[in-house]
There are 2 protein chains.
Amino acid sequence: MKNNYIKLCNIQKKLYRLSHARSFLNWDRSTMMSSNGNKARSESLAEITSFMHELLSKKNIKKLILNSEEEDLNHIELANLREIKRSWLRKSVLPKKLIIKSQISKSNCEFEWRVQRKNNDWKGFLKNFKEVVKYSQEEAKILSDALNISAYDALMDRYDPGLKTSEVDKLFDQIKKWLPTLISKASQRQNRQKPITLGHSFNRVKQKKLCLDVIKLLGFNFEKGRLDESLHPFCAGVREDIRITTRFNKGTFLNSLFAAIHETGHAQYEQNLPTTLFDQPVSNSRSMSIHESQSLFFEKQIGCNPNFVRRISPLIKKYFGDKPELNHANIFSLVNSVKPSFIRVDADEVTYPAHIILRYEIEKDLINCNVKAEEVPSMWNEKMADYLGLNTSGNYSDGVLQDIHWPGGQFGYFPCYTLGAIYAAQWFYFAKQEIRNIEQVILNGNLTSIFDWLNTNIWSHGSILSTKSLTKKACKGKLLNVKYFKNHLENRYLN
Amino acid sequence: MKNNYIKLCNIQKKLYRLSHARSFLNWDRSTMMSSNGNKARSESLAEITSFMHELLSKKNIKKLILNSEEEDLNHIELANLREIKRSWLRKSVLPKKLIIKSQISKSNCEFEWRVQRKNNDWKGFLKNFKEVVKYSQEEAKILSDALNISAYDALMDRYDPGLKTSEVDKLFDQIKKWLPTLISKASQRQNRQKPITLGHSFNRVKQKKLCLDVIKLLGFNFEKGRLDESLHPFCAGVREDIRITTRFNKGTFLNSLFAAIHETGHAQYEQNLPTTLFDQPVSNSRSMSIHESQSLFFEKQIGCNPNFVRRISPLIKKYFGDKPELNHANIFSLVNSVKPSFIRVDADEVTYPAHIILRYEIEKDLINCNVKAEEVPSMWNEKMADYLGLNTSGNYSDGVLQDIHWPGGQFGYFPCYTLGAIYAAQWFYFAKQEIRNIEQVILNGNLTSIFDWLNTNIWSHGSILSTKSLTKKACKGKLLNVKYFKNHLENRYLN
């Protein structure tokens, strides 16, 4: 008998169906919605979200969970129960009033940030940001007590269940040791031979066709999804129908192309999550770090691989002509050029970790109440000079105001990006152990064996295994290790 | 004090927000959804619908309504209460079991109908259709008892509140008297001079651009909506963000253009409904007859008007070249050609009422239990021969199986189409009384004065007035009268 467990699953099923609605309403907002539609859309989304909260905060859930733990469940059901419990626990300990106040502070801060960023208005931003930090600290404290982990860990746990500061510190400290040297060596090396820049304009329709050709090659399943345009590229929808977007920049097709490749990594993960128990948390993606590892695997390990660039070069020439700047060697140089810069989202693969470590160190101190919101810009300037040799003093727009994460209260997300990059390099290393001719496979563009490896080792597991078990299973018993990432970077940028 | 009324309004607000979600999920299904997405989409929609039913079937609603009736409400609030009560009454009297069984029978019948129609399979269809008829009769009977009106009236009331068989009979009987003569006269007259057919293929992108130009001219507000493509043209979304669609046929741009014009009528109505109490039933469109009157006003009264065709002729030539078949006189002849045909949705304005009257007479008898489902094809054949001189014997695909309405259980909807056409002609007549130079206005394409008339007399009223009061207010005290429609047809097709 597992009556209690089944009741829990039925609630999850309802949540799955409602989150379906939420996901598409959000997608529509970013891709299709008319300018006048936002207020009604926000209200509709709030209504659905509030209904979902009601379902989750029903009083009998705790009892159902406790009783389910006594029931006769198989290992997948147990994993599902673990995920249900985790998510319920996180939601149930936070007082409703705090959730609402926190949500409002984030909405306000994010809304005004859009203008403040443009105006370099740190002072204006700080007023709202202090509220966001305050409520995030309160949330973190309550979660910290309930989960018996540090405040910042309690926030990271949202995005990467079980991830601890101690692990991230260790990984990032290692990176900090060799990254500055690597950046300067790679830059120097590239300075010797500069690529030809893309000196003309690229038709939007052709850019989209190129994206479609390439993501098809990368296994995007068009029966289970589509590609559209939005201001910022993203991946949304549900595994049955994944919506990825890209943005078209007239001056270069590389932005739209590599954004589409990146989102295809997210999409393939979602499109290939387990179909059994598809409406249960156990079938969700494992974590945002693992999610980013898929997008970065597709973008950096495959997409920017010289053999892949060689493979898609004829497609590029088909749409944009046989010009010297479109030769594969030049495209490879363009997409892999290393240069310290202010903006994280435009940063290359080598300098990117510096952007993340900087943010991680600041937000960790912020959430653990070791620094105040006022101190963030000076910390930023110091670290920016230290890690990337750039001066951001007084330039808030290209500094602390550049990301949506902090105004949106998404503390704990940033490390996932670089963990994703490390995982991606490690997956590639271990995939290569099994697919000996992997470079030839990439050159041929018949990537099935690579997809099979990812499916067997990552996608098909959903959240059945913990992140650590998943990693060990995929990597012959090894846990996450920075060395694979370091080797990848050295191999690509110094050889 | 109006505490009870306010509580009712809050429930309506929730329903409005949830129907927002439902509307866009449905729109997405018809325009964007991946082929694999349907099951998850249906389940999500069912979840939201079931939540809406829960809200509506809460036990305290009856008490809230009764108490509200004692509260101090202004005339708009009273109208709102009337609409809330009407919709609650219709929903509360039907047993949940019957609703579910009926819904399943319709889903099944509609689903299998898609294949059966192609295969001319009346026998297969009949099996499911009998179920649909049975449950629709049961529903109609219960509603009939509760509302103290006839069974068929109880179903029409869904689409056109308060509409009675006696009125429709009277209007349709009048039409039947003069329609056959009008059809034959118009056909004969057109036989004397046939238009040049459109003999080549029309680029889809250009067709869309033409549609956008023309619906802009017709006042479609692109800040509150958009135009997309779907298999069947429709209007969906919410008044804040109306989504209309059209379909592109390579062989003629006229289909996509006039479908877009038709849907723009629906869209303008929705985009201009009252903004006060926007989330309450009193601000909804008055009825489906009035809705169709707007789409047909735009399509037939304006769109097919010779002066409007003359106005848009340069736009047509801009996209498709200056060819003789694209001259305004030829386009006018093409869009206004009269010929009895099998398929309702392809029928011209003159023969269309015959298609509707035929369906109305059959479904009325069906719902009032005067005929059996088995007898429908023979009735159809007889009436088709009688009204349009066509033989549909054995041809079910182009006969009784052609419409989605019956497999979907939408009995009572058909009369709205022809009532809409009659209303549209009457609106035009009375608008002309105020806008004396209306033909010049149409020729100039500056249609603001016409939109103003529609806004003042129809759009801005939402559901505040009953249909009869709305009509009388717009038409100097006159109720709906077929003579305006007859005059319009004679004027356009016989002069």
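(A) Quick look at the overall build of chain A. Regarding its fold elements, chain A presents 20 helices and three strands. Taken over C-alpha atoms, the radius of gyration comes to 23 Å for chain A, in line with the 23 Å a tight globule of 495 residues would show. Structurally, chain A occupies a C-alpha span of about 65 × 50 × 50 Å along its principal axes. The buried share among the 495 residues of chain A stands at 56%. For chain A, restricting intrachain contacts to residue pairs at least 6 apart in sequence, the fraction spanning at least 24 positions comes to 73%. One way to put it: in chain A the 73 positive side-chain charges average out to a point 2 Å from where the 52 negative ones average out.

(B) Looking closely at the sheet that holds strand E3 (residues 241-246) of chain B. Residue and element names in this part refer to chain B. If you trace the three strands from one edge of the open sheet to the other, you get E1-E3-E2, paired in mixed fashion. Of all strands in the sheet, those with a lone pairing partner are strand E1 (225-229) and strand E2 (235-238), marking the two edges. Averaged over neighbouring strand pairs, the angle between their axes works out to 20° when direction is ignored. Pairing analysis gives four bridges linking E2 to E3, with the strands arranged antiparallel. Bridge pairing in E3 links Val238 to Asp241. In this fold helix H1 (residues 3-31) packs onto E1, E2 and E3, with an angle of close to 140° to the strand it touches most, E2. Contacts from helix H10 (residues 253-271) reach E1, E2 and E3 within the one sheet, and its direction differs from that of E3 by about 165°.

(C) Geometry of the interface of chain B and chain A. Each side of the interface is counted separately: chain B has 33 residues, and chain A has 33 residues. Here chain B packs against chain A, burying approximately 2,900 Å² in sum over the two surfaces, 53% of which is carbon and sulfur. It is Arg17, Met32 and Glu47 of chain B that lose the most area in chain B upon contact with chain A, and together they represent 20% of the buried surface on that side. When the shortest N-O distance is used, the salt bridge between Arg243 of chain A and Asp28 of chain B registers 2.7 Å. Taken together, chain B and chain A are joined by 20 residue pairs in polar contact (both at pLDDT 80 or more). Elements that contribute at least two residues to the side of chain B that touches chain A include exactly H1, helix H2 (38-56), E1 and E3 of chain B. Looking at the side of chain B that touches chain A, the element that brings in the most residues is H1 of chain B, giving ten residues. Its residues placed into classes, the side of chain B that touches chain A shows twelve nonpolar, eight polar and 13 charged.

(D) The arrangement of the relation of the copies chain B and chain A in detail. Turning chain B through 180° and shifting it by 0.0 Å along the axis lays it on chain A, with an RMSD of 0.0 Å. On the angle and the small slide along the axis, the relation comes out as a two-fold axis. Closest approach to the rotation axis within chain B is made by the C-alpha atom of Ala21 of chain B, at a distance of 3.4 Å. The share of interface residues of chain B whose copies in chain A are also at the interface is 100%, consistent with both copies meeting through the same surface.

(E) Fine view of the nonpolar core. Of all hydrophobic cores here, the largest spans 119 residues; its most connected members are Phe129, Phe253, Phe308 and Ile450 of chain A. Element by element, the count of residues in this core is highest for helix H16 (residues 414-434) of chain A, at 13 residues. Shared between two domains, this core takes at least three residues from each, and those domains are domain 1 (3-149) and domain 2 (150-495) of chain A. Not counting the four nearest positions on each side in its chain, Phe308 of chain A is found in contact with Val214, Leu217, Leu218, Ile261, Ile302, Gly303, Ile442 and Leu447 of chain A. One finds Val133, Leu198, Ala347 and Phe451 of chain B within the second-largest nonpolar core, a separate group that totals 118 residues.

(F) The domain arrangement of chain A, seen in detail. All names here are of chain A. Under the domain assignment used here, chain A contains domain 1 (3-149) and domain 2 (150-495). Relative to domain 2, the C-alpha centre of domain 1 lies at a distance of 25 Å. Counting residues at the interface gives 45 residues for domain 1 and 54 residues for domain 2. At the boundary of domain 1 with domain 2, total buried surface from both sides reaches about 4,200 Å², with 64% on carbon and sulfur atoms. Its largest share of buried area at the contact with domain 2, domain 1 owes to Tyr16, Trp122 and Ile149, together 17% of the area lost on that side. The interface formed by domain 1 and domain 2 contains four salt bridges.

(G) Broad picture of the sheet that holds strand E3 (residues 241-246) of chain A. All names here are of chain A. As summarised here, the arrangement of the three strands in space is E1-E3-E2, forming an open sheet in which the pairing is mixed. The outermost strands of the open sheet, each flanked by one partner alone, are strand E1 (225-229) and strand E2 (235-238). On average, each strand axis in the sheet is tilted by 20° relative to the strand beside it, whichever way the strands run. Sheet contacts for helix H10 (residues 253-271): E1, E2 and E3; angle to E3, the most-contacted strand, approximately 165°.

(H) Main features of the pairing of E3 of chain B. Residue and element names in this part refer to chain B. Of all the six residues making up E3, six are buried; the element is thus mostly covered by neighbouring parts of the structure. A two-sided burial pattern is seen for E3, the buried positions comprising Asp241, Arg243 and Thr245 on one face and Ile242, Ile244 and Thr246 on the other. Pairing of E1 with E3 involves five bridges; the strand directions are parallel. Pairing of Leu227 across the sheet is with Ile244, part of E3. If you look at the hairpin formed by E2 and E3, you'll find two residues sitting between the two strands.

(I) Quick peek at helix H7 (residues 151-159) of chain A. Residues and elements named next belong to chain A. Counting buried positions over the nine residues of H7 gives eight, a clear majority of the element. Along H7, the residues that are buried comprise Ala151, Tyr152, Asp153, Ala154, Leu155, Met156, Asp157 and Tyr159. Looking at the buried positions of H7, the neighbouring elements they touch are helix H4 (75-92), helix H6 (122-147), helix H8 (165-192), helix H11 (288-303), helix H14 (352-367) and H16.

Reading the values: rules and limits
- Residues numbered from 1 in each chain as written.
- Chains lettered and ligands numbered in written order.
- Predicted model: local features only at pLDDT ≥ 70, side-chain atom pairs only at ≥ 80, totals over all residues.
- Heavy atoms only, no water.
- Helix = DSSP H or I, 4+ residues; strand = E, 2+ residues; numbered from the N terminus.
- Rg over C-alpha atoms; globule rule 2.2 N^0.38 Å.
- Buried < 20%, exposed > 50% of the residue type's maximum accessible area, 1.4 Å probe, protein only.
- Contact = heavy atoms within 4.5 Å.
- Lys, Arg positive; Asp, Glu negative; His and termini not counted.
- Charge placed at Lys NZ, Arg CZ, Asp CG, Glu CD.
- Pairing = 2+ DSSP bridges.
- Axes fitted to C-alpha atoms, helices over the stretch in contact; angles between N-to-C directions.
- Buried area = accessible area lost by both parts, 1.4 Å probe.
- Salt bridge = Lys/Arg side-chain N within 4 Å of Asp/Glu carboxyl O.
- Polar contact = N/O pair within 3.5 Å; in protein donor to acceptor, adjacent residues only side chain to side chain.
- Nonpolar A, V, L, I, M, F, W, Y, C, P; charged D, E, K, R; others polar.
- Least-squares fit on C-alpha atoms with pLDDT ≥ 70 in both.
- Core = buried A, V, L, I, M, F, W, Y, C linked by side-chain atoms within 4.5 Å.
- Domains from an automatic or database assignment.

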